[in-house]
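# Examination of the molecular architecture
Residue-level listing of the chains:
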Amino acid sequence: SKFASGAVFAGALVISATATQAADMTLRGASLFDESHAYTKTLMKFGELVNKYADTEVTFDLRLNSELGIEPDYVNFLTQGVAIDYAIIAPSNLARFAPAVPLMDMPFVFRDLEHWNAVLSSDVLKPLEDELLEKADLKIIGYAGGGTRNLISDKQISNLEELKGHKMRVMGAPIQARIFGAASAAPSAIAYSEVYNAIQTGVVSGLENEAASLLQYKFFEVAPHVTLTQHSITVRPIVFSGKSFAKLSPEMQAVVLKAGKEAGEYGRKVESTEDGQKLTQMKDAKQIEVHEFADRDKLLAMVIPVQKAYAEELGATALLDAIQAK
Ligand code: X1X
């Protein structure tokens with residue numbers, strides 16, 4: 001399997017000191033991908049920046065390629081303060097702890113890259129960050145992302161008629177299934193590590209994802225059609241365990257916050273630049289066939305009432321309005 005089964009081991013943040021030497025510190029992180037993915041590049045940049053700004057040397061032990069499981073595993077580790085200190089977690093994978101956080105990656109919430117950047121560079125998401133800290137003891141220290149999420153399927157989908165009843169995997173947050181259900185597809189929540197097999201065995205006919213992740217996990221081997229629904233621009237919060245953060249000195253906390261913010265900005269530049277290049281690379285290599293989607297405006301009209309209802313249920317209408325006003 002391309003994915004490990006979420007090995008658990010205790011003791012993430014390790015600080016040791018002797019009378020004669022300053023404290024050594026090790027911070028452990030986890031990534032779904034290898035070094036070629038902007039996801040991992042962001043986390044590596046975070047480590048570099050911490051060492052640039054800190055007075056003492058910090059050792060970064062970043063476990064790649066899902067060695068420590070997938071994002072829902074990372075959430076459990078971080079909230080308990082075991083195994084890892086930091087990771088990237090898709091907002092939809094935080095739904096279990098903080099139901100409003102998936103507003104951040106709700107399909108069709110951003111108009112375009114400029115809107116997405118304006119939101120992530122502002123403090124408009126602060127109420128969601130506060131909710132996450134309060135309910136799960138998780139601290140968002142920066143925002144990376146920037147890949148555009150499209151449909152990836154084992155058959156061609158070019159319009160609403162072809163989307164109708166399409167069995168597709170979605171992330172675990174209820175809002176994801178509601179949006180794609182309203183768009184007339186037949187969504188089901190399946191763990192990311194199971195998606196390739198689920199398509200291969202016909203449980204579903206596809207998923208939705210960014211170019212970099214499609215390339216890395218070779219979903220095109222079982223689902224070679226990409227439909228440019230451009231329904232999401234990926235938001236990748238860099239999340240630090242509140243338990244690990246509390247163990248840091250005030251100086252080191254300031255360094256972590258500064259490095260997290262800057263690593264997020266760096267990750268946004270990298271991923272938004274690489275996204276189109278990776279799509280073209282797969283197209284040129286004939287790994288994928290790319291299709292326009294004829295009815296995007298109709299799709300938008302179908303999902304907007306669901307977005308509004310979701311925000312209202314969570315008491316987050318003002319927040320959704322503030323995001324849209326950016
Ligand atoms: O769909 C998923 O579960 C995953 O998709 C991507 O590859 C990543 O953005 C990751 O964060 C996760 O959300």
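Residues numbered from 1 in each chain as written. Predicted model: local features only at pLDDT ≥ 70, side-chain atom pairs only at ≥ 80, totals over all residues. Heavy atoms only, no water.

Here we come to the site of the ligand. The full set close to the ligand counts 13 residues, and Glu-71, Arg-169, Tyr-192, Glu-210 and Arg-236 are the nearest of them. Take Asn-209: an N or O atom from its side chain is 3.1 Å from an oxygen atom of the ligand. For the ligand, whose unbound accessible area comes to 310 Å², protein coverage reaches 98%. Considered class by class, the residues forming the shell around the ligand number 6 nonpolar, 2 polar and 5 charged. (Near = heavy atom within 4 Å. Polar contact = N/O pair within 3.5 Å; in protein donor to acceptor, adjacent residues only side chain to side chain. Areas by Shrake-Rupley, 256 points an atom, 1.4 Å probe, with all protein chains shown as cover. Nonpolar A, V, L, I, M, F, W, Y, C, P; charged D, E, K, R; others polar.)

Summed over all chains, the structure comprises 2 cavities of 30 Å³ or more. Taken as a whole, the largest cavity holds about 50 Å³ of empty space. Per-class residue counts for the lining of the largest cavity are 7 nonpolar, 2 polar and no charged. Forming the boundary of the second largest cavity are Thr-148, Asn-150, Ile-152, Asn-209, Glu-210, Ala-211, Leu-214, Val-226 and Leu-279. Mapped onto the lining of the second largest cavity, the elements with two or more residues apiece are β5 (138-153) and α8 (211-217). Broken down by element, the residue count for the lining of the second largest cavity peaks at 3 residues, all from β5. Here the lining of the second largest cavity is built from residues that sort into 5 nonpolar, 3 polar and 1 charged. (1 Å grid on protein atoms, 1.4 Å probe; cavity = no way out; pocket = protein on both sides within 12 Å on 5 of 7 lines; lining within 4 Å. Points joined across faces, edges and corners; volume = space filled by probe spheres on them. Helix = DSSP H or I, 4+ residues; strand = E, 2+ residues; numbered from the N terminus.)

All right, on to the nonpolar core then. Ranked by internal contacts, the top residues of the largest apolar core, which has 106 residues, are Phe-46, Tyr-74, Leu-103, Leu-125, Leu-163 and Phe-240. With near-sequence residues (within four places) excluded, Phe-46 lies in contact with Phe-60, Tyr-86, Ile-141, Phe-240, Val-256, Ala-259, Gly-260 and Ala-263. (Core = buried A, V, L, I, M, F, W, Y, C linked by side-chain atoms within 4.5 Å. Buried < 20%, exposed > 50% of the residue type's maximum accessible area, 1.4 Å probe, protein only. Contact = heavy atoms within 4.5 Å.)

What the rule picks out here adds up to 18 salt bridges. Across the pair Lys-258 and Glu-262 runs a salt bridge, and its minimum N-O distance is 3.4 Å. Of the two residues, Lys-258 and Glu-262 both sit in helix α10 (residues 250-284), 4 residues apart, roughly one turn of that helix. Of the residues examined, Lys-258 reaches a relative accessible area of 40% and is grouped as partly exposed. (Salt bridge = Lys/Arg side-chain N within 4 Å of Asp/Glu carboxyl O.)

Below, the discussion takes up the packing of helix α11 (residues 296-313) against helix α12 (residues 317-325). Closest axis-to-axis distance for the α11/α12 pair is 7 Å, and the angle between their directions is 135°. One way to sum up the angle between α11 and α12 is to call them oblique. Across the interface between the two elements, Gln-307, Lys-308, Ala-311 and Glu-312 of α11 pack against Thr-317, Leu-320 and Gln-324 of α12. Grouping the amino acids of the contact of α11 with α12 by side-chain chemistry returns 2 nonpolar, 3 polar and 2 charged. (Axes fitted to C-alpha atoms, helices over the stretch in contact; angles between N-to-C directions. Parallel < 35°, antiparallel > 145°, perpendicular 65-115°, else oblique.)

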